[in-house]
Amino acid sequence: MASQKPETIVKATAEDAAAAAAELIKAVVRESVAERGRCHLALAGGTTPHLLYKMLARGVVTGDVPWQDVEVFFSDERDVPPDHIESNYGMIQRALLDNLPVPPNHIHPMPADWLNLDAAAEEYERAIRALVPSDGMLPRFDLILLGLGTDGHTASLFPHTAALTEVRRLVLSQYVPFLGRKRMTFTFPLINAARHVVMLATGEDKTGPVADLLGPHGRHREELPAARVNPTDGRFTIILDEAAARRISN
Ligand code: 6PG
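Residues numbered from 1 in each chain as written. Predicted model: local features only at pLDDT ≥ 70, side-chain atom pairs only at ≥ 80, totals over all residues. Heavy atoms only, no water.

With respect to the pattern of salt bridges
So, point 1. In this structure the tally under the stated criterion is 16 salt bridges.
So, point 2. With its nearest N and O atoms 3.0 Å apart, the salt bridge here joins Arg126 to Glu123. Separated by three residues within a single helix, Arg126 and Glu123 lie in helix H4 (residues 117-131), roughly one turn from each other.
So, point 3. Ionic pairing is found between Asp233 and Arg140, a salt bridge with its closest N-O pair at 3.9 Å. Of this pair, Asp233 sits in the loop between helix H6 (207-214) and strand S9 (235-241) while Arg140 sits in the loop between H4 and strand S5 (143-146), and the two are 93 residues apart along the sequence.
So, point 4. Residue Arg140 is classed as buried on the basis of its relative accessible area of 12%.
So, point 5. Here the residues in one salt-bridge network are Glu35, Arg36, Asp142 and Arg195, joined through shared partners. (Salt bridge = Lys/Arg side-chain N within 4 Å of Asp/Glu carboxyl O. Helix = DSSP H or I, 4+ residues; strand = E, 2+ residues; numbered from the N terminus. Buried < 20%, exposed > 50% of the residue type's maximum accessible area, 1.4 Å probe, protein only.)

What follows is the structure in structure tokens.
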């Protein structure tokens, strides 16, 4: 459970929140490449970060960001092929990666269309262990971007599912009963090993889960998957717009 308070940034609009997240990601890329020669980034799916990805893509012309030294991973995925409309990879490819000079062999989609999704999750975990520098125990992403679901899920870590308490595996596939589908997801040991975790949540439908996560009277906090984000030796930044932050006092 989170014990350290996350740094919370509240911006007036969803556009401003996306712009703040874009600036933060660019700063982390510059810093990581300057310090370690590479930046290992894990991106989030869902609808909220679409605007952020478009902004990052637009900034390419003017921005001074060493994208060629970035390795891109994905923090969760739906059980569909990459060109499927629901694919997180597909969305991120179209909105962002098609427009960035990231070398194609630096982009690592989750193989979520394998028939055996458990084997696919094991393969993705192997790739992460091979490519992302570790502290001796766990691979440490320079930045993991996450979203927040209306039920408090983050990545594909849903309430009351076994994946929440996983301690050994870094990537898992699991059947999510209320979706009636399988998802592949980073687990909390991998998320919490990151140098920086950034959660972006905007809009009215996030007011409730944000209040549960951060507000003084958060309900069912112990049941909220997002409350388990608590980097062991890293930063945790939550970026919100005013609509999402309406029921927390900052
Ligand atoms: C996904 C996700 C998921 C998402 C939240 C929020 O594949 O759907 O990665 O964790 O971030 O469900 O989704 P929205 O941004 O669409 O509200």
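Examining the packing of helix H1 (residues 14-36) against helix H2 (residues 49-58)
Each pair of packed helices gets described by two things: the angle between the helix axes and the distance between those axes.
So, point 1. Their axes nearest at 8 Å, the elements H1 and H2 cross at an angle of 55°. Compared by their axis directions, H1 and H2 come out oblique. The interaxial crossing formed by H1 with H2 has right-handed handedness. For the pair H1 and H2, contact is made by Ala14, Glu15, Ala18, Ala19, Ala21, Ala22, Ile25 and Lys26 and by Leu51, Leu52, Met55 and Leu56, respectively. (Axes fitted to C-alpha atoms, helices over the stretch in contact; angles between N-to-C directions. Parallel < 35°, antiparallel > 145°, perpendicular 65-115°, else oblique. Left-handed = near helix turned anticlockwise from the far one by under 90°. Contact = heavy atoms within 4.5 Å.)

A few points about the side chain of Arg183
So, point 1. By the element assignment, Arg183 lies in strand S7 (residues 181-186).
So, point 2. The class of Arg183 is buried, set by a relative accessible area of 11%.
So, point 3. In this structure the side chain of Arg183 is engaged in a polar contact, spanning 2.9 Å, whose partner is the side chain of Ser156.
So, point 4. Residues within four places of Arg183 in sequence aside, it is in contact with Asp76, Glu77, Arg78, Leu117, Ser156, Phe158, Leu172, Ser173, Gln174 and Val176. (Polar contact = N/O pair within 3.5 Å; in protein donor to acceptor, adjacent residues only side chain to side chain.)

With respect to the side chain of Ser173
So, point 1. With respect to the helices and strands, the residue Ser173 is situated in strand S6 (residues 171-176).
So, point 2. Residue Ser173 is classed as buried on the basis of its relative accessible area, which comes to 11%.
So, point 3. Within the structure, Ser173 has its side chain in polar contact with the side chain of Asp118 (distance 2.4 Å).

A closer look at the site of the ligand
So, point 1. The local shell around the ligand holds 14 residues, among which Thr47, Thr48, His153, Ala155 and Lys206 are the closest.
So, point 2. In the environment of the ligand, an oxygen atom lies 2.6 Å from a nitrogen or oxygen atom belonging to the side chain of Thr47.
So, point 3. In the environment of the ligand, an oxygen atom lies 2.7 Å from a nitrogen or oxygen atom belonging to the side chain of His153.
So, point 4. For the ligand, whose free accessible area comes to 410 Å², the fraction covered by protein is 88%.
So, point 5. By residue class, the composition of the shell around the ligand is two nonpolar, eight polar and four charged. (Near = heavy atom within 4 Å. Areas by Shrake-Rupley, 256 points an atom, 1.4 Å probe, with all protein chains shown as cover. Nonpolar A, V, L, I, M, F, W, Y, C, P; charged D, E, K, R; others polar.)

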